[in-house]
Amino acid sequence: MKHLLKPFEAKEFCSNLTEFGFVPTMGALHNGHISLIQASQKQNPYTLVSIFLNPTQFNNPQDFQQYPVNLEEDLKILEELEVDAVFLPQVEDMYPDGYHYKITEDNLSRDLCGKTRLGHFDGVLTVVMKLLQIVRPNRAYFGEKDYQQLKLVKDMVQAFFMDVEIVACPTVRSSEGLALSSRNKRLSPEGIEKAQYFAQQLRSVTSLTDLEKQLNAIDISVDYLEEHLGRRFAAVHIENVRLIDNVPL
């Protein structure tokens, strides 16, 4: 890994690149993030990764405080992957205005995760807009696990005539079918088993009503189970950890 960059350094560094891919992350890197980085490395001569735990997308302060953080381990992973540069902004770098200015979407962001996570997608879209404006990549990579986020980011880029391609990458799963997530690290072994069951049943032909009953029966609290955009979406709470997933119908 050649460069660790602050905002002005990142802007200058990227302005000298003719073509590069960008992978924005909040750290706690796992194989899902690695798949995005490798996709970028296959399609671009240079790849930049950002690590920024964005506070504005957490509607629950406790959730923000409990989010796993291990910068040293993350940087080691990125070095092994031979990432060209890492962008490491701080909160004051990203929000010099105190978050008075923000990007708001008033349709899709109100459904699914937006119903209970008020302001979540304002924070997501605002930080993605800021990151893309700073680094100006040719392509930016997002996973389908966060499908609602992916769709909102794609639509935002189109709405604001931004010159960047948003590349969707398939969800990476464990051998048991569980979608990889940084939040999985907060689950006990028993919690992991429940999460695996949730992921397996989500792909079944069971009706949404019966599926919710099955999950409730093993103490999995359902936030939502819905079908939109040709996909089945779900958010659940296991051991006070919120997990999301989606699968094509």
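What this report covers is the structure whose coordinates are included nearby. Predicted, not measured: the structure shown is a model, and the values here were computed from it.

1. Regarding the packing of helix α7 (residues 120-135) against helix α8 (residues 147-159)
To characterise two packed helices, one gives the angle between the axes of the helices and the distance between these axes. Closest axis-to-axis distance for the α7/α8 pair is 11 Å, and the angle between their directions is 50 degrees. Between α7 and α8, the angle falls in the class oblique. In this structure, the crossing between α7 and α8 has a hand that is right-handed. For the pair α7 and α8, the contacting residues are Phe121, Val124, Leu125, Val128, Met129 and Leu132 in the first and Gln148, Gln149, Leu152, Val153, Met156 and Val157 in the second. Looking at the contact of α7 with α8 residue by residue, the classes come out as 10 nonpolar, two polar and no charged.

2. Considering the sheet that holds strand β2 (residues 21-25)
Note: strands within a sheet are paired through backbone hydrogen bonds, in either parallel or antiparallel orientation. Across the sheet, six strands lie side by side as β1-β4-β3-β2-β5-β6; this open sheet has parallel pairing. Edge positions in the sheet fall to β1 (3-5) and β6 (165-169), since each of these pairs with one other strand and no more. On average, adjacent strands in this sheet sit at an angle of 25 degrees to one another, irrespective of strand direction. Across five bridges, the pairing between β2 and strand β3 (residues 47-51) is parallel. In the sheet register, valine 23 faces β3, and the bridge partner there is valine 49. The sheet strands contacting helix α4 (residues 71-80) are β1, β3 and β4 (85-87), and the helix crosses β3 at an angle near 170 degrees. This element, α8, spans β5 (139-143) and β6 of the sheet and lies at about 165 degrees to β6.

Reading the values: the criteria
- Every residue gets a number counted from 1 within its own chain, in the order that chain's sequence is written.
- Two thresholds apply to this predicted model, a pLDDT of at least 70 for residue-level local features and 80 or more for giving and counting side-chain atom pairs, whereas whole-chain, interface and lining totals are computed over all residues.
- Just so you know, side-chain values use all the structure's heavy atoms and leave hydrogens and water out.
- Fitted lines through C-alpha atoms give the axes, limited to the stretch in contact for helices. The angle between two N-to-C directions lies from 0 to 180 degrees.
- Each helix is a run of DSSP H or I of at least 4 residues and each strand a run of E of at least 2, with the numbering of both proceeding from the N terminus.
- Angular relationships are summarised with four words: roughly parallel below 35 degrees, roughly antiparallel beyond 145, roughly perpendicular across 65 to 115, and oblique for the angles in between.
- By the definition used in this description, the sense in which the near helix is turned from the far one sets the handedness, with an anticlockwise turn below a right angle giving left-handed and a clockwise turn giving right-handed.
- Note on contacts: a residue pair is in contact if any heavy atoms of the two residues lie within 4.5 Å.
- Gly is put with the polar residues, along with every residue not named as nonpolar or charged; the nonpolar set is Ala, Val, Leu, Ile, Met, Phe, Trp, Tyr, Cys and Pro, and the charged set is Asp, Glu, Lys and Arg.
- Being paired, for any two strands, means DSSP has found at least two bridges between them.

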